[in-house]
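Report on the structure
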Amino acid sequence: SFAQELPQFDFTQPESVLGWQAAHDISKIAATPEGLEVSINGNDPYFIGPARDYPANTPLWMTIRLKSEQEGSAQVFYWTQAPGEEKSVRFSVLANQWVEKRIPLPVLEANTRLRIDPPGTAGRMTISSLRFAPRTLLKEPQWPRPDAPNFQGEAVVLKSGNLTLKTNYRFGQFALDLNGKNLAIGFNRPQIGYIIADKVRWIDFSQAVPSKISRQIGNALVISNSKTDEAGASWRWQQSFKAGKVPGTIEVESTVTVNQDRDVVFLPMLVIFPGAGSFGQSKRQAIFPGLEYLDNEPGSSEADIIGPESKRQVPDSKKITLPMMAVQNGDSYIGLAWKDDPQNPDKWSALFDSPDRIFNSSGHVMGLLFPGSDGENRVEGSLLPYQSETLKANKPLTLNAVIFGGKGQSAVDAVKHFVAWNGLPALPASGTFEDYNALASSGWLDSRIREGDLFRHAFWPGFAPKTATDAPLLMEWLANQNSPEAARLRQTAQSALAQVKPENYNETNVSHITYPVAALVYGGVEANAERAAQNARDLLNHFEADGSVRYQKRPNGEDYGKTHFAPDANGLTAQVVWSLLENAVFSGEPGLINTALEKLRALDKFKNTVPRGAQTWEVPLHTPDILASAHLVRAYVRGYELTGDKHFLEMARYWAWTGVPFIYLRNPTSKPVGPYSTIAVLGATAWQAPVWFGQPVQWCGLVYADALYQLLPHDPGGPWKRLADGITVAGIQHTWTQGDKERQGLLPDYYLLRPQVSAGPAINPGTLQVNAVRLFNKPALYDFRSLRQSRLLVHAPGAISDIRDSARRARFKVSGWPQKSYFVLINGLKKSPQIRINGQVIALTAPHQFHVEKGRLILQLQSTSTVEISNVP
């Protein structure tokens, strides 16, 4: 029997512990009456078991019973030669309680060993047993193919804006069109799967006769069908459709009731088939937020991830960031969205396949199924779970959803439509600024990010401490905001700054978001402007003649471009364009600025495409990426500021919207942390692992939030402040608290949603802090203004306001945050101007500087000062 063939480990028996060995960051393994106890003493703990043989051709369940002093994510590796991420599975663990987890494993080979990575970096974990059993899967039927409806003059019509639904009151017999153009059909071959006596049985609702109550009631169309199953239970299935408050939306309520308990394995609450009977399997784009962001290419492909998790047709609901999906073709889109159950966000399984390879409708498929998908109850991609879920007698099961459609040139228009219907979540509680200041201060001063006067990018093996200017700059900013740690912050900042050469102030950083501001606070402005000019010239070497930046494979490295359809990608190119613009603008050299603007215009070839390819140090060039959205927004915003060209602003808006599908605009777990967390990429590192679906990486979202804050003054009517604030608050929620001595105040590389645990490398506080400045409406760290009439470019360590600009005169106020004197850089002058500071004419001598050959004016100011520049050439 399988029970005899399969290995079993009862660790309450001391002999079962023999052969298990501490391998890394485990100080001790011991046999105890409760089981195998491991003591953890490092960042990357794991231990290894003996080799065992497993039966051939048999997928397995591994049931592990354990108790851990720390909660978080545990991981099991299965291997014969060497462990690897692609042959592993993760599961969440709660703290200080015995839990039993059933974990799906594939077919295991003979002589397989197990490696177990416990959660946390300290404390103990005890495993009482490991048991194995065959994992049998329910067999899917031959799914019936939906037919295009033939109304034969019977159709009734429901309109919402330009979207129309037609039906003849037969179940699933409806069609959707936009301005007379057919977009989708309903599922007119629905069937319900349920289990009786261990056998899956099916009830076909396509043959059900419409009930007498199927009719138009007020502004709603109600379709109600009933049928009796082979065991005598009476099922009633009712769907109502009505025009929504937002034009182009049709609200759907789908309710199923049965008069006897039924163990359900498949219930298609609402399914539509975009393109079936009309535009077919082609598309311009399709989107399933958190999982798919497609151009005209198949979903569930292995272009971004290889292996079982590439199957995204029916994913773990935790991975869905926006409860919607849409297909866009030509100049139109059709979508499906739904309302979560706040207490059970896993209640429904979302079905998405583009093109439809499940029902073979010759189009695409989008739907919502019962039972739900919680990451453990089904093979992802399967329409059937491992086991049934009981639908209680006479207890209605109700789905509230919306079908929406409209005109649009990309999936962005569908995302906008969804936000108009759904709105944005409330901001999570951020705490007070004083709380945040204490947290960030502890990160800079007392966490392991700091080693004396040096700072790491992250506390994790491989990140060495180094000199950094953004660390003292941000510490000094915190000190100036009435921090109780002001004296320590200033003293540490002064010592750290002394390690950096002044000419390197603007580019010696450890954070993901940096501004050219350190030299404006500490001096060396001219040297840093010259360094920026050289950086810009060096960046020009990255471009091809057509303005593209081609992916370059590292010598002896992985070729991350091999699954992409082009040698370049918008995120890869935009990152270089953004850096080029920033350096050119700080240098002030007109030739460099004009060349940078040419490279920006070349980015227009990516108009209405998917953001991709910004993290090719480990992620495929093809992979959709929120960092790509961030780089594109920042580049186009800067282009608009320099030129006033409304096209640049429109492009910035588009790319800002492309980042929205990476943000959790829902609560995926019903726990406190989740809304406004951000997915980094829709794929995996090196195509295999770690897999980033459903696993927020907030530093990437914070770079995007910084871009939104830059867009906000130019597009105040957009949702940008709410989104950027939400992402920043979520970053604060993710941050390790002051109770964690080594990681206090540090941002985790990633966050585990179900156990609500920060994990991975602990990143320095800077990436979060630059956004927290805006969240709490505190003095600006840095500001840049392009005065287009006088053609001056102004950089300051503080807000620039009260601007008056004309062809020969400019006036503005600088509210500097430093408590000592600071510098303002003004580029674009061609000869010596007349300068007034706070109404007083000043000579352009020390401490001020004017470099006529470069057109750079450097003024030394204090506190809040008004600057007037006259006789501008």
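Small disclaimer: the values here were computed from a predicted structure and weren't measured.

A few points about the overall build of the protein chain
On a plain count of helices and strands, the protein chain comes out with 15 helices and 45 strands. C-alpha atoms of the protein chain, sized along the principal axes, occupy 95 × 75 × 50 Å. For the protein chain, the residues scored as buried account for 60% of the 873 residues in total. Long-range pairs, those at least 24 residues apart, make up 70% of the contacts in the protein chain between residues at least 6 apart in sequence. Carbon and sulfur atoms make up 46% of the accessible area of the protein chain, which amounts to about 32300 Å² in all. One finds the centroid of the 88 positive side-chain charges in the protein chain at a distance of 5 Å from the centroid of its 83 negative side-chain charges.

Details of unusual backbone geometry
Cis peptide bonds are those with omega within 30 degrees of zero, and the linkage from Ser354 to Pro355 qualifies with 5 degrees. Assignment of secondary structure puts Pro355 in the loop between strand S27 (349-353) and strand S28 (365-370). Residue Pro847 is bonded to the preceding Ala846 through a cis peptide linkage, with omega at 10 degrees. As for its position among the elements, Pro847 is in the loop between strand S42 (840-842) and strand S43 (849-851). The backbone phi angle of Asn111 is positive, close to 65 degrees, even though this residue is not glycine. Along the polypeptide, Asn111 turns up in the loop between strand S9 (99-105) and strand S10 (113-117). The exposure class assigned to Asn111 is partly exposed, which follows from its relative accessible area of 47%. Positive phi, close to 70 degrees, is recorded for Ser362, a residue that is not glycine. Counting through the fold element by element, Ser362 comes out in the loop between S27 and S28. A relative accessible area of 32% places Ser362 in the partly exposed class.

Digging into the nonpolar core
With 212 residues, the main nonpolar core has Leu176, Trp235, Leu267, Met324, Trp338, Leu600 and Tyr636 as its most contacted residues. Look past the residues within four positions of Leu176 in its chain and what remains in contact with it is Thr164, Leu165, Lys181, Asn182, Leu183, Ala184, Ile250, Ile272, Ile334 and Ile403. Core analysis: the next-biggest nonpolar cluster, separate from the first, contains 31 residues, Phe11, Val17, Ile26 and Leu36 among them.

What about the pattern of salt bridges?
Inspection of every chain in the model, using the stated rule, returns 48 salt bridges. Among the salt bridges present, the one from Asp316 reaches Arg754, with a minimum N-O distance of 2.9 Å. On the criterion of sequence distance, the pair formed by Asp316 in the loop between strand S24 (292-294) and strand S25 (324-329) and Arg754 in the loop between strand S34 (747-752) and strand S35 (757-763) is long-range, its members being 438 residues apart. The salt bridge partner of Glu582 is Arg638, with a shortest N-O separation of 2.8 Å. Taken together, the residues Glu582 in helix H9 (residues 570-587) and Arg638 in helix H11 (residues 626-643) connect sequence positions 56 residues apart. Across the pair, Arg638 and Glu582 agree in class, each one buried.

Quick word on the packing of aromatic side chains
Under the counting rule described, the total for this entry stands at 34 aromatic pairs. Pairing Tyr636 with Phe648 gives two aromatic rings, centres 6.0 Å apart and planes at 50 degrees, and the pair type is tilted. With Tyr636 in helix H11 and Phe648 in helix H12 (residues 646-659), the pair connects residues that are 12 residues apart, well separated along the chain. We note that Tyr636, like Phe648, is buried. Every member of this aromatic cluster is reached through a ring pair, and the members are Trp143, Phe187, Trp202, Phe266, Phe273 and Phe359. The cationic tip of Arg115 hangs over the ring face of Phe77; the distance from NZ or CZ to the ring centre is 4.1 Å. A cation over an aromatic ring shows up here: Lys562 above the ring of Trp687, its NZ or CZ 4.8 Å from the ring centre.

A short note on the environment of Phe784
You can see Phe784 is positioned in strand S36 (residues 783-787). On a C-alpha basis, the gap between Phe784 and Phe662 in space is 28 Å, while along the polypeptide they are 122 residues apart. Excluding anything up to four places from it in sequence, Phe784 contacts Val585, Arg638, Glu641, Leu642, Leu793, Val794, His795 and Ile800.

Side note on the sheet that holds strand S45 (residues 864-870)
If you trace the five strands from one edge of the open sheet to the other, you get S38-S39-S45-S41-S42, paired in antiparallel fashion. Of all the strands in the sheet, just strand S38 (798-805) and S42 have a single pairing partner and so form its edges. On average, adjacent strands in this sheet sit at an angle of 25 degrees to one another, irrespective of strand direction. Sheet topology note: the S38/strand S39 (residues 809-816) ladder contains six bridges and is antiparallel. Bridge pairing links Gly798 to Gly816 in S39.

Things to note about the side chain of Ser786
Among the structural elements, Ser786 can be located in strand S36. Setting aside its immediate chain neighbours within four residues, Ser786 contacts Glu641, Leu642, Leu792 and Leu793.

A closer look at the sheet that holds S36
The five strands lie next to each other as S36-S37-S40-S44-S43, forming an open sheet whose pairing is antiparallel. Only two strands of the sheet have a single neighbouring strand rather than two, namely S36 and S43. Ignoring strand direction, the axes of neighbouring strands in this sheet form an average angle of 15 degrees. Lying over the sheet, H11 contacts S36 and strand S37 (792-796), oriented at roughly 40 degrees with respect to S36.

A few points about H12
Residues that lie three or four places apart on an α-helix share one face, since the helix turns once every 3.6 residues. Its 14 residues give H12 an end-to-end C-alpha distance of 21 Å, which sits within 8% of 20 Å, the value for a rise of 1.5 Å per residue. When you tally the buried positions in H12, you get 10 out of 14 residues, the bulk of the element. Every buried residue belonging to H12 is among Phe648, Leu649, Met651, Ala652, Tyr654, Trp655, Ala656, Trp657, Thr658 and Gly659, and all of these are buried. Where H12 begins, the side chain of Asp645 points an oxygen toward the backbone nitrogen of His647, at a separation of 2.9 Å.

A few points about the environment of Pro620
Along the chain, the position of Pro620 falls in the loop between helix H10 (590-602) and H11. Taking the relative accessible area as the measure of exposure, Pro620 reaches 1% and is therefore buried. The spacing of Pro620 and Ala303 is 317 residues in sequence and 7.9 Å in space, taken between C-alpha atoms. The residues contacting Pro620, other than those within four sequence positions of it, are Ala303, Asp304, Tyr560, Thr563, Gly613, Ala684 and Trp687.

A look at the packing of helix H13 (residues 698-711) against helix H15 (residues 766-775)
Packed helix pairs are specified by the crossing angle of their axes together with the interaxial distance, meaning the distance between the axes. It is at 9 Å that the axes of H13 and H15 come closest, and there the two elements cross at 40 degrees. Between H13 and H15 the crossing geometry is left-handed. For the pair H13 and H15, contact is made by Trp699, Leu702, Ala705, Asp706, Tyr709 and Gln710 and by Thr767, Leu768, Asn771, Arg774 and Leu775, respectively. Taken together, the residues of the contact of H13 with H15 break down into six nonpolar, three polar and two charged.

Focus on the pairing of strand S14 (residues 174-178)
Burial analysis of S14 places five of its five residues in the buried class, the great majority of the element. By the alternation rule, side chains of S14 split into Phe174, Leu176 and Leu178 and Ala175 and Asp177, which are all buried. Note: strand S13 (residues 163-167) against S14, five bridges, orientation antiparallel. Each bridged residue has a counterpart across the sheet, and for Leu165 the counterpart in S14 is Leu176.

How each quantity is defined
- Residues numbered from 1 in each chain as written.
- Predicted model: local features only at pLDDT ≥ 70, side-chain atom pairs only at ≥ 80, totals over all residues.
- Heavy atoms only, no water.
- Helix = DSSP H or I, 4+ residues; strand = E, 2+ residues; numbered from the N terminus.
- Buried < 20%, exposed > 50% of the residue type's maximum accessible area, 1.4 Å probe, protein only.
- Contact = heavy atoms within 4.5 Å.
- Areas by Shrake-Rupley, 256 points an atom, 1.4 Å probe, with all protein chains shown as cover.
- Lys, Arg positive; Asp, Glu negative; His and termini not counted.
- Charge placed at Lys NZ, Arg CZ, Asp CG, Glu CD.
- Core = buried A, V, L, I, M, F, W, Y, C linked by side-chain atoms within 4.5 Å.
- Salt bridge = Lys/Arg side-chain N within 4 Å of Asp/Glu carboxyl O.
- Phe/Tyr/Trp six-rings, centres within 6.5 Å; stacked < 30°, edge-to-face > 60°.
- Lys NZ or Arg CZ within 6 Å of the ring centre and 35° of its normal.
- Pairing = 2+ DSSP bridges.
- Axes fitted to C-alpha atoms, helices over the stretch in contact; angles between N-to-C directions.
- Expected span 1.5 Å × (residues − 1).
- Polar contact = N/O pair within 3.5 Å; in protein donor to acceptor, adjacent residues only side chain to side chain.
- Left-handed = near helix turned anticlockwise from the far one by under 90°.
- Nonpolar A, V, L, I, M, F, W, Y, C, P; charged D, E, K, R; others polar.

In short, the description is geometric, and any link to function would need to be established separately.
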